[in-house]
Amino acid sequence: MSVSVRIPTILRTYTDGAAEVGGEGATLREVFQKLDADYPGIGARILDESGKIRRFVNVYVGDEDVRFADGLDTATPEGVQVSVIPAVAGGAR
């Protein structure tokens, strides 16, 4: 299945500056495996050592937060947009 993956600014060094790249896979796990094969090193910035989505990275398939869906087993239908969004910390003192 062909999908589009939105890449946050902080990870665009892996994609030669591209804000959006093509991806493939029937599940989010497969999309990330292909993404890391195409852009080596990006997978380690999204997934931790145990293969789970890093705590401070939010991922959406369409409008759905995968943490409240099936996580990495979330289906990625043809044409859907996958968004990788780093959590923002901070605030007023």
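Predicted model, so just to flag it, every value in this text is computed and none were measured.

The rules we used
- Residues numbered from 1 in each chain as written.
- Predicted model: local features only at pLDDT ≥ 70, side-chain atom pairs only at ≥ 80, totals over all residues.
- Heavy atoms only, no water.
- Helix = DSSP H or I, 4+ residues; strand = E, 2+ residues; numbered from the N terminus.
- Contact = heavy atoms within 4.5 Å.
- Pairing = 2+ DSSP bridges.
- Salt bridge = Lys/Arg side-chain N within 4 Å of Asp/Glu carboxyl O.
- Buried < 20%, exposed > 50% of the residue type's maximum accessible area, 1.4 Å probe, protein only.
- Polar contact = N/O pair within 3.5 Å; in protein donor to acceptor, adjacent residues only side chain to side chain.

**Some details on the environment of G41**
Residue position: G41 is located in the loop between α1 (28–38) and α2 (42–46). Separated by ten residues in the primary sequence, G41 and V31 have C-alpha atoms spaced 14 Å apart. Apart from the residues lying within four places of it in its own chain, the contact partners of G41 are Y14 and D36.

**Some details on the sheet that holds strand β4 (residues 64–65)**
Either a parallel or an antiparallel arrangement is found when strands of a sheet pair, and the pairing is made through backbone hydrogen bonds. Taken in spatial order, the five strands make up an open sheet running β2-β1-β5-β3-β4, and their pairing is mixed. The sheet terminates laterally at β2 (20–24) and β4, the two strands that pair on one side only. Direction of pairing for strand β3 (residues 57–61) relative to β4: antiparallel, over a ladder of two bridges. Opposite Y60, over in β4, you have D65 as the bridge partner.

**Concerning the pattern of salt bridges**
Between side chains of opposite charge, pairing is possible as soon as their charged atoms come close. All chains considered together, the criterion is met by four salt bridges. Across the pair E20 and R6 runs a salt bridge whose closest N-O atoms are separated by 3.5 Å. You can see E20 sitting in strand β2 and its partner R6 sitting in strand β1 (residues 2–6), a full 14 residues away along the chain. On the basis of relative accessible area, E20 is assigned to the partly exposed category, the value being 40%. Overall, R6 belongs to the partly exposed group, its relative accessible area being 33%.

**Remarks on the side chain of T15**
Secondary-structure assignment places T15 in the loop between β1 and β2. From its side chain, T15 meets the backbone oxygen of A18 in a polar contact 2.9 Å long. Among all residues touching T15, those that are not within four sequence positions of it are I7, V21, Y39 and I42.

**Structural notes on the environment of K34**
Its place among the elements puts K34 in helix α1. We classify K34 as partly exposed; its relative accessible area is 31%. Considered as a pair, K34 and G23 are eleven residues apart in the sequence and their alpha carbons are 6.7 Å apart.

**Examining the pairing of β3**
The two faces of β3 differ: V57, V59 and V61 on one face are buried, but N58 and Y60 on the other face are not. Bridge count for β3 against strand β5 (residues 81–86) is five bridges, and the pairing is antiparallel. Paired with V61 across the strands is V82, a residue of β5. Counting the residues in the hairpin turn of β3 and β4 gives two residues, including G62, whose phi is positive at 65 degrees.

The quantities given are spatial measurements derived from coordinates; they are silent on function.
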